[in-house]
Amino acid sequence: MSPGEPAAGVSVVPSAAAPARADAMRRAFREATQAHPGALSVEEYVFAGRPVRLRIVGRRLAERTHRAFAHLRRDGAPAARPFYIDVWDESETGGQVLPQAAAMELDRRWVACDGTLTASPDGRYVSFRYEESVTLLDRQEQSMISCRRSGSHLSTGDCSKPYVLMLSIWYHDRGVQLLHAGLVAHERGGLLLPGASGTGKSTAALAAVTQGLDFLGDDFVGLERVDGGAFRGHSIFNTVCLTRPTLARFAEIRPHAVEDSFEVEDKPIVYVSELYPARIRDTVPIRAVVLLSKGHARTEITPARRADALRAFAASTLHTVVPRPGREALDRLAALVERVPAYWLRLGPRLEDIGPSLSAIAST
Amino acid sequence: MDQLPGTLDVNRDDVAAKIIDGEAIIIRLSDGTYYSMDHVGASVWSLLEAHGDRAATGRTIAAWYRVPPERVQEDVDALVRELFAEGLVVAAPARAVSGGGPVTPSHVGPYASPRLNIHRDMGNLLALDPPTPGIDDLLLKTDTDEPR
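Student: Tell me what's going on with the pairing of strand E9 (residues 143-148) of chain A, and back it up with residues and numbers.
Tutor: Residues and elements named next belong to chain A. In terms of burial, E9 is largely enclosed, as 5 of its 6 residues are buried. Of the strand pairs in this sheet, strand E4 (residues 83-89) and E9 are connected by 6 bridges, and their pairing is parallel. For aspartate 89, the partnering residue across the bridge sits in E9 and is arginine 148. Inspection of the sheet shows strand E8 (residues 133-138) paired to E9 by 6 bridges, in the antiparallel sense. When the bridges of E9 are listed, aspartate 138 appears paired with serine 143.

What follows is the structure, encoded as structure tokens:
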């Protein structure tokens with residue numbers, strides 16, 4: 001089977017039927033809201049400067065989903081038409097969409113992130129299905145609709161980075177590149193921490209916020225090029241996920257981490273905006289790229305080559321983000337490393353050295 | 001490939017590359033595999049991108065790094081063989097040097113045989129399913145049919 005071809009045995013919806021599938025999901029959401037008005041929650045957000053309205057039917061699902069975006073919440077009606085994200089919990093509302101989820105697949109199909117990603121030929125509709133959910137994004141209408149089996153059975157990723165795959169497409173359409181990187185900020189600007197899993201992004205980001213820096217993300221953040229060629233970084237989630245041994249190093253944080261009964265990728269979650277509300281920012285100008293290297297005798301800063309920085313983004317963002325970023329992303333990242341300086345932060349054993357080191361880089 | 005073509009081109013449909021600080025960073029877009037080549041390799045890449053003439057590339061590298069042409073040509077051919085095997089270059093008709101002025105060496109220091117460093121996604125290597133989609137596979141066509 002070639003990429004983009006339908007899988008054998010999978011019911012494929014002709015492209016003309018994609019709008020009907022979207023309508024069916026919208027109808028099911030409407031019915032869920034009408035049947036369970038007390039379980040509906042509506043919150044307004046701003047994602048990378050764009051208004052977003054998140055409506056969820058299902059108390060447990062709402063509580064766990066809104067929490068990851070809480071720092072981007074805004075009061076009052078948005079000035080422009082928002083991006084609608086509508087979600088419902090079938091275990092609470094008794095809907096019947098998930099049993100037919102396979103039939104919701106669109107013409108072109110890929111396997112991605114333990115699920116199935118499908119798209120209509122014109123790219124307008126993209127759906128993502130995995131065992132406990134189906135989500136459909138209408139890129140033209142700027143709306144996303146999602147049905148989950150149960151808000152009580154979510155993975156660490158579902159709680160800490162809800163809808164990251166579909167949101168990466170929405171951000172891309174707005175000129176914002178999803179980066180696999182941490183982002184912390186000093187008063188002089190933001191420091192991007194690119195790196196694949198296990199490079200120390202979460203540890204460094206959390207250490208930074210406990211030592212007075214501001215937090216924008218530990219794993220996925222948005223990058224946007226603005227007028228004049230400068231770059232701006234955007235927060236997406238206010239969460240940090242750590243392994244238990246790493247969390248044990250943060251004595252003051254440990255009691256506040258959420259140790260839920262996650263069934264997949266079981267990691268405690270730290271909601272930074274709840275612990276450090278004054279140290280959360282949603283957008284910052286990018287001042288430098290900081291490459292992390294673990295296992296050193298002491299923490300020290302050395303200049304990095306621009307090629308080192310681009311290679312770090314290649315190893316993380318360009319290599320691992322789904323959907324895979326393309327040529328445009330490489331051009332954008334090359335422009336970023338040409339514009340801002342890069343440093344190595346060689347991490348020693350003492351967490352308390354991380355914040356001052358990052359502050360020193362930002363002040364350079 | 002036993003017989004290497006005399007003229008080559010970067011596989012522009014599936015490859016994005018940047019040369020920065022004398023190092024080439026190359027992405028194979030169809031599966032996200034990325035590659036790096038330092039100094040001499042990056043210079044070879046620039047020449048293949050500009051004119052694609054394999055023999056001329058060997059001669060130019062020999063002159064830039066002051067190394068016997070026979071040795072350099074062996075190294076260039078070995079590298080080209082790897083680039084072919086990875087789908088990063090394709091056979092192409094002879095062409096004039098592409099625009100942008102004369103090609104200059106990415107970095108001239110001591111000569112070392114060029115090496116292609118390959119960084120594969122283990123998930124893709126092990127998967128029986130097709131590789132994950134790229135954002136370019138999901139181009140959104142607007143009313144004016146301009147992909148975005």
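Still more ground to cover, so stick around.
Student: Tell me about the sheet that holds strand E6 (residues 115-119) of chain A, residues and numbers included.
Tutor: All names here are of chain A. The sheet built from 9 strands is open, its strands ordered E3-E1-E2-E4-E9-E8-E7-E6-E5 with mixed pairing. Both edges of this open sheet fall to strand E3 (73-74) and strand E5 (108-112), since each of them pairs with a single strand only. Across 6 bridges, strand E2 (residues 50-57) lies against E4 in parallel orientation. Note that in E4 the partner of isoleucine 56 across the bridge is valine 87. Here helix H2 (residues 59-69) sits on the sheet and contacts strand E1 (40-47), E2, E3, E4 and E9; the angle it forms with E2, its principal contact strand, is near 160 degrees.

Student: Tell me about the interface of chain A and chain B, residues and numbers included.
Tutor: Listed as interface residues are 35 residues of chain A and, on the opposing side, 27 residues of chain B. Listing elements by their share of the side of chain A that touches chain B, those giving two or more residues are E5, E6, helix H5 (164-173), helix H9 (306-320) and helix H10 (327-339) of chain A.

Student: Run through the environment of alanine 314 of chain A, naming residues and quoting values.
Tutor: Residue and element names in this part refer to chain A. Examined against the element boundaries, alanine 314 turns out to sit in helix H9. By C-beta crowding, alanine 314 is classed as buried, having 24 other C-beta atoms within 10 Å. Linking alanine 314 and glutamate 338, residues 24 residues apart in sequence, is a C-alpha distance of 15 Å.

Student: Any chance you could break down the environment of serine 152 of chain A for me, citing the residues and the numbers?
Tutor: Residue and element names in this part refer to chain A. The topology assignment puts serine 152 in the loop between E9 and helix H4 (156-160). For serine 152, a count of 15 C-beta atoms within 10 Å corresponds to the partly exposed category. Considering only alpha carbons, one finds serine 152 and histidine 319, 167 residues apart in sequence, at a separation of 32 Å.

Student: Would you mind going over the domain arrangement of chain A in detail, with residue names and values included?
Tutor: Residue and element names in this part refer to chain A. If you check the domain split of chain A, you get domain 1 (15-154) and domain 2 (176-363). Centre-to-centre separation of domain 1 and domain 2, based on C-alpha positions: 28 Å. Top contributing element to the side of domain 1 that touches domain 2 by residue count: H2, with 3 residues. Among the residues forming the side of domain 1 that touches domain 2, the class breakdown is 8 nonpolar, 3 polar and 1 charged.

Student: Can you break down the nonpolar core residue by residue, with the values?
Tutor: Across soluble globular proteins, nonpolar side chains have a tendency to be buried as a group. Residues and elements named next belong to chain A. Counting residues in hydrophobic clusters, the biggest one holds 144 residues, and the most contacted among them are Met166, Val184 and Val290. No fewer than three residues from each of domain 1 (15-154) and domain 2 (176-363) sit in this core. Aside from chain neighbours lying at most four places away, what touches methionine 166 is Val126, Phe128, Thr135, Leu137 and Met144.

Student: So what's going on with the sheet that holds strand E2 (residues 15-20) of chain B? Which residues, and what values?
Tutor: Residues and elements named next belong to chain B. Ordered in space as E2-E3-E4-E6, the 4 strands form an open sheet in which the pairing is antiparallel. Each edge of the open sheet carries a strand with a single partner, namely E2 and strand E6 (117-119). Geometrically, the sheet is characterised by an average inter-axis angle of 20 degrees between neighbouring strands, direction not taken into account. Note: strand E3 (residues 23-28) against strand E4 (residues 34-38), 5 bridges, orientation antiparallel.

Student: Lay out the packing of H9 of chain A against H10 of chain A in plain terms, naming residues and giving numbers.
Tutor: Residue and element names in this part refer to chain A. Between H9 and H10, the least distance of the axes is 9 Å, while the angle of their chain directions is 145 degrees. Along this stretch, H9 crosses H10, giving a crossing that reads as right-handed. Within the contact between the two elements, H9 uses Arg306, Ala309, Leu310, Phe313, Thr317 and Leu318 and H10 uses Ala329, Leu330, Leu333, Ala334, Val337 and Glu338. In the contact of H9 with H10, the residues fall into 9 nonpolar, 1 polar and 2 charged.

Analysis parameters
- Residues numbered from 1 in each chain as written.
- Chains lettered and ligands numbered in written order.
- Predicted model: local features only at pLDDT ≥ 70, side-chain atom pairs only at ≥ 80, totals over all residues.
- Buried ≥ 20, exposed ≤ 12 C-beta atoms within 10 Å, placed from the backbone.
- Helix = DSSP H or I, 4+ residues; strand = E, 2+ residues; numbered from the N terminus.
- Pairing = 2+ DSSP bridges.
- Contact = placed C-beta atoms within 7 Å.
- Axes fitted to C-alpha atoms, helices over the stretch in contact; angles between N-to-C directions.
- Domains from an automatic or database assignment.
- Nonpolar A, V, L, I, M, F, W, Y, C, P; charged D, E, K, R; others polar.
- Core = buried A, V, L, I, M, F, W, Y, C linked by C-beta atoms within 7 Å.
- Left-handed = near helix turned anticlockwise from the far one by under 90°.

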